[in-house]
Amino acid sequence: MDFELGQIIKMKKAHPCGENRWEILRVGMDFRLKCMGCGRQVMVPRKLVEKNFKGFLQESN
């Protein structure tokens, strides 16, 4: 899968704040994702992102 910085993606499971939309801030072996609800940033392994990925909501600018 081709992920790019700035894309908004939807994940299967929601963040504890209730939001399941994430902005991609870093791409590599690990992803840095920013929750679109509360703004919290998390590092997630690529394998986990690809497994729980549901779709793109917005392309990067």
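Structure: see above.
An account of the accompanying structure is given in this report. No experiment lies behind these values; they were computed from the predicted model shown.

1. Let's talk about the environment of glycine 18
Reasoning step 1: Relative to the helices and strands, glycine 18 is located in the loop between strand S1 (8-11) and strand S2 (21-26).
Reasoning step 2: In this structure, the C-alpha to C-alpha distance between glycine 18 and glutamine 58, residues 40 residues apart in sequence, is 19 Å.

2. Topic: the layout of surface pockets
Reasoning step 1: Size it by volume and the largest pocket reaches roughly 180 Å³.
Reasoning step 2: Along the walls of the largest pocket sit Met11, Lys13, Ala14, His15, Pro16, Trp22, Leu33, Val42, Val44, Leu48, Val49 and Asn52, which together make up its complete lining.
Reasoning step 3: The set of elements that each furnish at least two residues to the lining of the largest pocket consists of strand S4 (41-45) and helix H1 (46-52).
Reasoning step 4: Classifying every residue of the lining of the largest pocket by side-chain character gives nine nonpolar, two polar and one charged.

3. Digging into the pattern of salt bridges
Reasoning step 1: Scanning the entire structure with this criterion turns up two salt bridges.
Reasoning step 2: A salt bridge links glutamate 19 to arginine 21, with the shortest nitrogen-to-oxygen separation between them at 2.9 Å.
Reasoning step 3: We classify arginine 21 as partly exposed; its relative accessible area is 32%.
Reasoning step 4: A salt bridge links arginine 46 to glutamate 50; its shortest N-O distance comes to 3.2 Å. In this pair, arginine 46 and glutamate 50 both sit in helix H1, four residues apart, roughly one turn of the helix.

Parameters and conventions
- Residues numbered from 1 in each chain as written.
- Predicted model: local features only at pLDDT ≥ 70, side-chain atom pairs only at ≥ 80, totals over all residues.
- Heavy atoms only, no water.
- Helix = DSSP H or I, 4+ residues; strand = E, 2+ residues; numbered from the N terminus.
- 1 Å grid on protein atoms, 1.4 Å probe; cavity = no way out; pocket = protein on both sides within 12 Å on 5 of 7 lines; lining within 4 Å.
- Points joined across faces, edges and corners; volume = space filled by probe spheres on them.
- Nonpolar A, V, L, I, M, F, W, Y, C, P; charged D, E, K, R; others polar.
- Salt bridge = Lys/Arg side-chain N within 4 Å of Asp/Glu carboxyl O.
- Buried < 20%, exposed > 50% of the residue type's maximum accessible area, 1.4 Å probe, protein only.

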